[in-house]
Amino acid sequence: MSSRDGGTFALYVRDALGVSTPTADAIPALTPPVPRLSGAVVPETFGAAWDRWWTRSLTNSGAESVPLRWPVGTPAQLKPAFEAWRPDPASPEESDRRDAARTVFHEVLVEVVAQLTGELGHPPRFTLDLTELPVQGKFWQRVGPRAALISEELKGSRTVIAPLESLLRELAQ
């Protein structure tokens, strides 16, 4: 199982510009809230281009950080604004929050694996890629046969057991 951060800049662009498409609207707003960029004019095709960029960002780790891959019309000032908005990962608050979420998630994962081991008669084998997003609320979305998006809030909550167990049951061999 792998876990990574990803897609945050693309979501920042979405929130700052107010992009609204079915794909964009399926994911909650970032937290902390992103200020709207006033006066920005983007091409009419920006929403569809954002959807493609988001999809590529999920499948190609780091694709969102390459300016040549950004949707045409992305305002240049968004990258420095994103860097200023993003919480410092080295701060004591962020470290404590990450550690607490990691502890809860590990406990739930061990519990689910133990239950599956008992049912299968052997430890389950599975491959799972989780992308952690700093979005509002408890959020989980499957994005592939072995991949899901998870909010930081859900990762740190015992309620993650339901979607995690469902997915691991499906993947367990």
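Residues numbered from 1 in each chain as written. Predicted model: local features only at pLDDT ≥ 70, side-chain atom pairs only at ≥ 80, totals over all residues. Heavy atoms only, no water.

**What to know about unusual backbone geometry**
Logical step 1: For the peptide bond that leads from Thr31 to Pro32, omega is 0°, which places it in the cis range.
Logical step 2: Locating Pro32 in the fold gives a position in the loop between helix H2 (22–25) and helix H3 (46–59). (Helix = DSSP H or I, 4+ residues; strand = E, 2+ residues; numbered from the N terminus.)

**Some points on the packing of helix H5 (residues 92–120) against helix H7 (residues 161–171)**
Logical step 1: Orientation of H5 relative to H7, taken along the N-to-C sense of each, is 40°, at an axis distance of 10 Å. Taken together, H5 and H7 sit at an angle that is classed as oblique. Of the two elements, H5 crosses H7, and the hand of that crossing is right-handed. Along the contact surface, H5 presents Phe105, Val108, Leu109, Glu111, Val112, Gln115, Leu116 and Glu119, while H7 presents Ile161, Leu164, Glu165, Leu168 and Arg169. (Axes fitted to C-alpha atoms, helices over the stretch in contact; angles between N-to-C directions. Parallel < 35°, antiparallel > 145°, perpendicular 65-115°, else oblique. Left-handed = near helix turned anticlockwise from the far one by under 90°. Contact = heavy atoms within 4.5 Å.)

**Structural notes on the nonpolar core**
Logical step 1: Leu11, Tyr12, Val13, Trp50, Trp54 and Leu133 are the most contacted members of the largest nonpolar core, which totals 25 residues.
Logical step 2: Where this core is concerned, the elements lending two or more residues are helix H1 (8–17), H3 and helix H4 (78–85).
Logical step 3: At 7 residues, H1 tops the list of elements feeding residues into this core.
Logical step 4: Counting residues in each nonpolar core, the second largest holds 17 residues, with Leu109, Leu130, Leu167 and Leu168 among its members. (Core = buried A, V, L, I, M, F, W, Y, C linked by side-chain atoms within 4.5 Å. Buried < 20%, exposed > 50% of the residue type's maximum accessible area, 1.4 Å probe, protein only.)

**Quick word on the confidence of the model for the protein**
Logical step 1: Taken residue by residue, the protein gives an average pLDDT of 90. The fraction at 70 or more is 94%.
Logical step 2: By mean pLDDT, the top-scoring element of the protein is H2 (96), and the lowest-scoring one is strand S1 (residues 2–5) (57). (pLDDT = per-residue confidence, 0-100.)

**Focus on H7**
Logical step 1: Listed in full, the buried residues belonging to H7 are Pro163, Leu164, Glu165, Leu167, Leu168 and Leu171.
Logical step 2: Residues of H7 that are buried make contact with H5, strand S3 (140–144), strand S4 (147–151) and helix H6 (152–155).

**Notes on the packing of aromatic side chains**
Logical step 1: Tallying each qualifying case throughout the model produces 7 aromatic pairs.
Logical step 2: Both rings, one in Trp50 and one in Trp54, keep their centres 5.7 Å apart while their planes meet at 5°; by these two values the pair is stacked. In this pair, Trp50 and Trp54 are both assigned in helix H3, 4 residues apart and thus about one turn of the helix distant.
Logical step 3: Its relative accessible area of 3% is what places Trp54 among the buried residues.
Logical step 4: Ring-pair connections join several aromatic residues into one group, and the members of that group are Phe9, Tyr12, Trp53, Trp70, Phe82 and Trp85.
Logical step 5: The ring of Phe9 carries Lys79 above its face, with NZ or CZ at 4.4 Å from the centroid. (Phe/Tyr/Trp six-rings, centres within 6.5 Å; stacked < 30°, edge-to-face > 60°. Lys NZ or Arg CZ within 6 Å of the ring centre and 35° of its normal.)

**Observations concerning the environment of Ala24**
Logical step 1: Structurally, the position occupied by Ala24 is in helix H2.
Logical step 2: Each C-alpha atom of the pair Ala24 and Arg14 lies 7.1 Å from the other, and the pair is 10 residues apart in sequence.
Logical step 3: Residue contacts for Ala24: discarding those within four places in its chain leaves Arg14, Val19, Trp50 and Asp51.

**Considering the packing of H1 against H3**
Logical step 1: In contact at an axis separation of 10 Å, H1 and H3 are set at 160° when each is read in the N-to-C sense. Classified by the angle between their axes, H1 and H3 sit roughly antiparallel to one another. Of the two elements, H1 crosses H3, and the hand of that crossing is left-handed. Residues Phe9, Ala10, Leu11, Val13, Arg14 and Leu17 of H1 pack against Phe46, Trp50, Trp53, Trp54 and Ser57 of H3.
Logical step 2: Residues belonging to the contact of H1 with H3 are distributed by class as follows: 9 nonpolar, 1 polar and 1 charged. (Nonpolar A, V, L, I, M, F, W, Y, C, P; charged D, E, K, R; others polar.)

**Remarks on the pairing of S3**
Logical step 1: Relative to S4, S3 runs antiparallel, the two sharing 4 bridges. Looking at the pairing, Gln141 lines up with Leu149 of S4.
Logical step 2: The antiparallel hairpin formed by S3 and S4 contains 2 residues in its connecting segment. (Pairing = 2+ DSSP bridges.)

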